[in-house]
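Tertiary structure, described
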Amino acid sequence: MNLTSASSSFHSDSDFCPECGSVLPLPGTSDTVTCPRCSFSIDVQEFERKVVETSVVFHKLRTTAFMVSEEDGTEFQGPVIDRQCSNCGHEGMTYYTQQMRSADEGQTVFYTCTNCWFQEKEDS
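Just so you know, these numbers come straight off a predicted model, no measurement behind them.

Of regular secondary structure, the protein chain possesses 0 helices and 7 strands. The secondary structure elements of the protein chain, listed N-terminal to C-terminal, are β-β-β-β-β-β-β. Considering only intrachain contacts with a sequence separation of at least 6, the fraction spanning at least 24 residues in the protein chain is 19%. As presented, the protein chain carries roughly 9200 Å² of accessible surface, and 48% of it is formed by carbon and sulfur atoms.

Spelled out as structure tokens, the structure:
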């Protein structure tokens, strides 16, 4: 299904407007599909028997860590972010925030390395 005409600016599949290259809307109840950008129209019959396949893949994300320090039994919980530890160079630290100063100032972010338990803070 190729919508390219002799005067068309784009060589495209039926998902894209052959005049301006915009994504065409899905066919609805109308007999034509009209490009919202340039008003190019195509007969809805062009989309007949077109199969659209989609899939959703869920990856297991390590978004929260709950760890207990072997040394002193301290517990750390929080999201794991891509931040390099300044002590051991490990990529991955948990963090939590706390309001340490007056309410009109920024909060303090506490980071803990998931590898060596090194802690650092950042005032924002």
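Attention now goes to the packing of aromatic side chains. Counted according to the given criterion, the structure contains 2 aromatic pairs. Considering the side-chain rings of tyrosine 95 and tyrosine 111, the 6.3 Å spacing of their centres and the 45° angle between planes classify their relative orientation as tilted. Linking tyrosine 95 in strand β5 (residues 91–98) with tyrosine 111 in strand β6 (residues 108–113), this pair joins segments that are 16 residues apart in sequence. Ring centres of tyrosine 96 and phenylalanine 110 lie 5.1 Å apart, and the angle between their planes is 15°; this geometry places the pair in the stacked category.

Let us now look at the pattern of salt bridges. What the rule picks out here adds up to 2 salt bridges. Linking glutamate 120 and arginine 83 is a salt bridge whose minimum nitrogen-to-oxygen distance equals 3.1 Å. Of this pair, glutamate 120 sits in strand β7 (residues 119–123) while arginine 83 sits in strand β4 (residues 75–84), and the two are 37 residues apart along the sequence. Look at arginine 83 and you get partly exposed, because its relative accessible area is 23%. Across the pair glutamate 122 and arginine 83 runs a salt bridge, and its minimum N-O distance is 3.3 Å. Taken together, the residues span a long stretch of sequence, with glutamate 122 in strand β7 and arginine 83 in strand β4 at a distance of 39 residues. For glutamate 122, a relative accessible area of 34% corresponds to the partly exposed category. Residues participating in the shared-partner salt-bridge network are Arg83, Glu120 and Glu122.

This brings us to the nonpolar core. If you look at the biggest cluster of nonpolar residues, it comprises 8 residues: Cys17, Cys20, Leu24, Val33, Cys35, Ile42, Val44 and Phe47. Contacts of valine 44, omitting those with residues within four sequence positions, involve Pro27, Ser30, Asp31, Thr32 and Val33. Among the nonpolar cores identified, the runner-up in size contains 5 residues, and Cys85, Val109, Tyr111 and Cys113 belong to it.

Cut-offs used in this document
Each chain has its residues counted from 1, running along the sequence as written. Whole-chain, interface and lining totals are the exception, using all residues; otherwise, since this is a predicted model, local features are given only for residues with pLDDT of at least 70 and side-chain atom pairs are given and counted only at 80 or more. No hydrogens and no water enter the side-chain calculation; it runs on all heavy atoms of the structure. Strands are runs of DSSP state E lasting at least 2 residues, helices are runs of H or I lasting at least 4, and numbering of each runs from the N terminus. In this description, contact between two residues means that some pair of their heavy atoms is separated by no more than 4.5 Å. The accessible surface values rely on the Shrake-Rupley method and a 1.4 Å probe; as for residues, cover is taken only from the protein chains in view. Here a pair means two rings of Phe, Tyr or Trp (six-membered ring of Trp) with centres within 6.5 Å. Their orientation is stacked below 30 degrees between planes, edge-to-face above 60, and tilted elsewhere. A side-chain nitrogen of Lys or Arg and a carboxyl oxygen of Asp or Glu constitute a salt bridge if their distance falls within 4 Å. Burial status follows relative accessibility: with a 1.4 Å probe on protein chains alone, a residue under 20% of its type maximum counts as buried, one over 50% as exposed, and anything between as partly exposed. Nonpolar cores are built from buried Ala, Val, Leu, Ile, Met, Phe, Trp, Tyr and Cys residues. Side-chain atoms within 4.5 Å join them into one set.

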